[in-house]
Amino acid sequence: MSSELSNKIKAEALRLGFFACGIAKAEPVDVATQRQMHEWLDVGGHADMAYMLNHEDKRLNPLLLMDGVKSIVCVALNYAPSKHFPEGEYKIAAYALGQDYHTIVKEKLHLLAKAIGLGSDDYRAFCDSAPVLERYWAVKAGLGWIGRNHQLIIPHAGSMFFLGELFIKEETDYDKPMENRCGDCHKCIDACPTKVLGTDPFCAEHCLSYQLIENRKELSDEAKNTMGDTIYGCDRCQQACPWNRFASPSSEPQLQPKEELLNMTRTKWEQLSEEDYRKLFKGSAVKRAKYEGLIRNIKAAAEKEPVSPARREGTDRKA
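Residues numbered from 1 in each chain as written. Predicted model: local features only at pLDDT ≥ 70, side-chain atom pairs only at ≥ 80, totals over all residues. Heavy atoms only, no water.

Trainee: Any chance you could break down the overall build of the protein chain for me, citing the residues and the numbers?
Mentor: In terms of helices and strands, the protein chain carries 14 helices and 8 strands. For 319 residues, the compact-globule formula gives about 20 Å, and the C-alpha radius of gyration of the protein chain, at 21 Å, lands near that figure. Taken along its principal axes, the extent of the C-alpha atoms in the protein chain is 80 × 40 × 35 Å. The buried share among the 319 residues of the protein chain stands at 48%. For the protein chain, the exposed area adds up to about 16400 Å²; of that, 49% sits on carbon and sulfur atoms. Charge separation in the protein chain, taken as the distance between the mean sites of 43 positive and 46 negative side-chain charges, equals 3 Å. (Helix = DSSP H or I, 4+ residues; strand = E, 2+ residues; numbered from the N terminus. Rg over C-alpha atoms; globule rule 2.2 N^0.38 Å. Buried < 20%, exposed > 50% of the residue type's maximum accessible area, 1.4 Å probe, protein only. Areas by Shrake-Rupley, 256 points an atom, 1.4 Å probe, with all protein chains shown as cover. Lys, Arg positive; Asp, Glu negative; His and termini not counted. Charge placed at Lys NZ, Arg CZ, Asp CG, Glu CD.)

Trainee: Describe in detail empty space enclosed by the protein, supporting the description with residues and values.
Mentor: Applying the stated criterion across every chain yields a total of 2 cavities of 30 Å³ or more. As a volume, the largest cavity reaches approximately 60 Å³. Taken together, Ala 96, Leu 97, Gly 98, Gln 99, Gln 256, Lys 258, Leu 261, Leu 280, Phe 281 and Ser 284 form the lining of the largest cavity. In terms of residue class, the lining of the largest cavity is built from 5 nonpolar, 4 polar and 1 charged. By volume, the second largest cavity is sized at about 50 Å³. Around the second largest cavity, the lining residues are Tyr 79, Ala 80, Pro 81, Ser 82, Ala 94, Leu 97, Ser 250, Leu 255, Gln 256 and Pro 257. The residue makeup of the lining of the second largest cavity, split by class, is 7 nonpolar, 3 polar and no charged. (1 Å grid on protein atoms, 1.4 Å probe; cavity = no way out; pocket = protein on both sides within 12 Å on 5 of 7 lines; lining within 4 Å. Points joined across faces, edges and corners; volume = space filled by probe spheres on them. Nonpolar A, V, L, I, M, F, W, Y, C, P; charged D, E, K, R; others polar.)

Trainee: Lay out the layout of surface pockets with the relevant residues and their values.
Mentor: In this structure, the second largest pocket encloses a volume near 460 Å³. Going through the elements one at a time, β3 (91-92) and α9 (236-240) are the ones with two or more residues in the lining of the second largest pocket. Among the elements that make up the lining of the second largest pocket, the one with the highest residue count is α9 (3 residues). Across the lining of the second largest pocket, the residue classes tally to 13 nonpolar, 6 polar and 6 charged.

Trainee: Requested: an account of the side chain of Ser 6, with residues and values cited.
Mentor: Here Ser 6 is to be found in helix α1 (residues 2-15). With near-sequence residues (within four places) excluded, Ser 6 lies in contact with Ile 23, Thr 172 and Asp 173. (Contact = heavy atoms within 4.5 Å.)

Trainee: A description of the pattern of salt bridges should follow, citing residues and the corresponding values.
Mentor: Overall, the coordinates contain 10 salt bridges when judged by the stated rule. Where Lys 217 meets Asp 48, a salt bridge forms, and the shortest distance between an N and an O atom there is 3.2 Å. In this pair, Lys 217 is assigned in the loop between α7 (208-213) and α8 (221-226) and Asp 48 in the loop between α2 (31-42) and α3 (56-59), connecting sequence segments 169 residues apart. Residue class for Asp 48 comes out partly exposed when judged on its relative accessible area of 48%. (Salt bridge = Lys/Arg side-chain N within 4 Å of Asp/Glu carboxyl O.)

Here is the structure:
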């Protein structure tokens, strides 16, 4: 019966458009990971993300998140982009090009629960929406391993995936964790603009993605000097990862970028009104940074914009 349920869950997950699905036994997080989490929080590695201090007991023990949970179904939804911003224009991280992944993944998880015959009281669905160590459980469920870029890497597919979890009360067959296959590769560390990757403990405050999304204060000088033309998030460690050369563009309609977003020019970004921001990013994860944060980033990128040869010649002639 457990094998039959496990096979049905995975078949339905793939039918719903998930790239991968695995199942782990619900139990407390292992001692080594608990210790690592405590140490990271103790030294302030989470920067100003105060929510990381909340519900630590539940984060480290999923049995406290749902009464009677026995299995954690882990899924991955591909978001590798099929379209990109034109060369020379401002850019945002690939994960935020389409609609908000929280809603998309959770809707699919609810459909998955319904497809396997679960009632509303028989499961809980999560996608970056509860104190769940998503990458840890994805590894336990055999989806992939956590690379040096701190992302879950799926073999021959890469790391551009949204993760989600379905907590259920049924026991199933459980998948085996996958060994780390990064080997001696450190291309992500070399590509990290602020060189925070590879440091122990990892300090979120020095991560460019943190600075451009989570940080509500002025950007650090480090961020301003390394952001280049990126105004939201950072994909450089993923772009450098050899496993992402196997990535296939996402076919999920809701994750495709709007044409008006791809048609944004530097001038349009720099003149972005709050009303236009709301229209452009309605239902988008970019709203995480809020209008004020995005404008802060755009101004910082504009100030660092290199002077073109034509502009330089014009300056020289005036001199």
